[in-house]
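These are the residues of each chain, in order.
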Amino acid sequence: MNTDNAKRSALTIDGRTLSYVDFGGPDRPLLALHGHMSEGVSFADLAARLAPDWRVIAPDQRGHGHSDRAADYSREGYLADLQALMDHLGLERAALLGHSLGAINAYQFAARHPERVTALVNGEGCAELGLDGSNPLAFVLNLPEGTCPSREAFVAQLDQFAPFFESAVRERPDGTWGLHFHPKDIYESEDQVHGDHWADWTGSACPALLIRGTKGGVLPAEQAAQMAARRPDTRLVELETDHFLYANDPVGFADAVRDFLASA
């Protein structure tokens, strides 16, 4: 896919850098929020498939990609970053799309700032999760926190995790190599996204699209059906893929998003 028009920029929030990728296009903005351990450029394929009708802007959320680590990974912190980004871009209103963590951030932002959200796309973002106290991302604490002098040396440190996280290895400003996120931050962020968020999910009235993966997704079928039934003007689409909808069924995901946005 052609992403020649993509431009990386950044803003400063309380001394902390928040980086974002603007894939360009006309003035129909779609802010795309990635999930844990991902980054804004993961939406490059989607941006190309939605062009030229939509200008996709995808931040590296706090503690991910080119963005700095934050002092906390609270719900309030993520939502404040999104508000700061919209203000920085001069966007009074925009459509929001999110995956997993990003989907919850998107619908919580819409509940708190309904006047700023024209449409909402939720990819595998649950209305309630982690109520049993478990953390499904606890395994990340087994990933190396430090850096190595070369990419090859760090990938070797990943050991059995290398097939899953080799693509997340980046060169740091000091010339060393490591993950583009810090495992302890991810664990903390996952802990803080858990909860009963039904009031937030049903707290906005803009058109919404809920997309669920039927083969290994994290959003249970029963909960997805309830989410569509309890929130007015919500469409449910199920794709025969896993949690990583936009990566493992890019055509189906983009088609669902495009069709929804055309009528939203």
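Residues numbered from 1 in each chain as written. Predicted model: local features only at pLDDT ≥ 70, side-chain atom pairs only at ≥ 80, totals over all residues. Heavy atoms only, no water.

(A) Structural context of helix H2 (residues 75-89). Here H2 contains 15 residues, and its C-alpha end-to-end distance of 22 Å stays within 8% of the 21 Å for a straight helix at 1.5 Å per residue. Looking at H2, one finds that the buried residues are Arg75, Gly77, Tyr78, Leu79, Asp81, Leu82, Leu85, Met86 and Leu89. Trailing H2 by a residue or two, glycine 90 shows a phi angle of about 70°, which is positive. (Helix = DSSP H or I, 4+ residues; strand = E, 2+ residues; numbered from the N terminus. Expected span 1.5 Å × (residues − 1). Buried < 20%, exposed > 50% of the residue type's maximum accessible area, 1.4 Å probe, protein only.)

(B) Structural detail: the pattern of salt bridges. On inspection of all chains with the given rule, the structure shows 13 salt bridges. Of the charged contacts in the structure, one is a salt bridge between aspartate 60 and arginine 8, with a shortest N-O distance of 3.1 Å. Highlighted residues: aspartate 60 in the loop between strand E4 (55-59) and H2 and arginine 8 in strand E1 (residues 7-13), separated in sequence by 52 residues. A residue is classified by how much of its surface remains accessible, and aspartate 60, at 0% relative accessible area, is buried. (Salt bridge = Lys/Arg side-chain N within 4 Å of Asp/Glu carboxyl O.)

(C) Layout of the packing of aromatic side chains. Taken as a whole and assessed by the stated rule, the structure comprises eight aromatic pairs. Taking the centre distance of 6.3 Å and the plane angle of 50° together, the rings of tyrosine 73 and tyrosine 78 count as tilted. Taken individually, tyrosine 73 and tyrosine 78 each receive the classification buried, so the pair is uniform in this respect. With centroids separated by 6.4 Å and ring planes inclined at 40°, the aromatic side chains of phenylalanine 139 and phenylalanine 165 adopt a geometry described as tilted. In this pair, phenylalanine 139 is assigned in the loop between strand E7 (128-129) and helix H4 (151-158) and phenylalanine 165 in helix H5 (residues 162-165), connecting sequence segments 26 residues apart. Judged by its relative accessible area of 8%, phenylalanine 165 falls in the buried class. Each residue in the set Phe139, Phe161, Phe165 and Phe181 is aromatic and connected to the rest through ring pairs, giving one cluster. If you follow arginine 62 out to its NZ or CZ, it ends over the ring of tyrosine 78, 5.9 Å from the centre. The side chain of arginine 230 reaches across the aromatic face of tryptophan 198, ending 3.9 Å from its centre. (Phe/Tyr/Trp six-rings, centres within 6.5 Å; stacked < 30°, edge-to-face > 60°. Lys NZ or Arg CZ within 6 Å of the ring centre and 35° of its normal.)

(D) Inspection of unusual backbone geometry at higher detail. With an omega of 0°, the peptide bond running from alanine 51 to proline 52 counts as cis. With respect to the helices, strands and loops of the structure, proline 52 is situated in the loop between helix H1 (44-50) and E4. The phi dihedral of aspartate 14 falls on the positive side, at around 50°, and the residue is not glycine. Turning to its location among the elements, aspartate 14 is positioned in the loop between E1 and strand E2 (16-22). In this structure, aspartate 233 takes a positive phi of about 55° despite not being glycine.

(E) Inspection of the state of the cysteines at higher detail. A complete count under the given rule lists zero disulfides for this structure. Free cysteine cysteine 126: the closest other cysteine sulfur is in cysteine 206, separated by 19 Å. On the basis of relative accessibility, which here comes to 12%, the residue cysteine 206 falls in the buried class. (Disulfide = S-S within 2.5 Å.)

(F) Expanded view of the UniProt feature "domain: AB hydrolase-1" (unreviewed entry) in the protein chain. Under the UniProt annotation, "domain: AB hydrolase-1" (unreviewed entry) lies at residues 29-249. This span, residues 29-249, is 34% helix and 20% strand, and a straight line between its end C-alpha atoms measures 23 Å. (UniProt positions renumbered as here; feature names shortened; annotations may be inferred.)

(G) The arrangement of the sheet that holds E4 in detail. Here eight strands make up an open sheet; going across it, the order is E1-E2-E4-E3-E5-E6-E11-E12 and the pairing mixed. Here the strands that pair on one side only, and so sit at the sheet edges, are E1 and strand E12 (234-239). When strand polarity is set aside, the average angle formed by the axes of neighbouring strands in this sheet is 20°. Where strand E5 (residues 94-99) and strand E6 (residues 117-123) come together, five bridges link them in parallel fashion. Residue histidine 99 lies in a different strand from E6, and its bridge partner there is glycine 123. Here helix H10 (residues 250-263) sits on the sheet in contact with strand E3 (29-33), E5, E6, strand E11 (208-213) and E12, set at roughly 165° to E11. (Pairing = 2+ DSSP bridges. Axes fitted to C-alpha atoms, helices over the stretch in contact; angles between N-to-C directions. Contact = heavy atoms within 4.5 Å.)

(H) Region of interest: the nonpolar core. Among the nonpolar cores identified, the biggest contains 38 residues, and Leu31, Leu96, Leu120 and Trp201 are the most heavily contacted of them. Look past the residues within four positions of leucine 120 in its chain and what remains in contact with it is Leu96, Ala106, Tyr107, Trp201, Ser204, Cys206, Pro207, Ala208, Leu209, Arg231 and Phe260. Counting residues in hydrophobic clusters, the runner-up holds 27 residues, among them Ala44, Ala95, Ala119 and Ala254. (Core = buried A, V, L, I, M, F, W, Y, C linked by side-chain atoms within 4.5 Å.)

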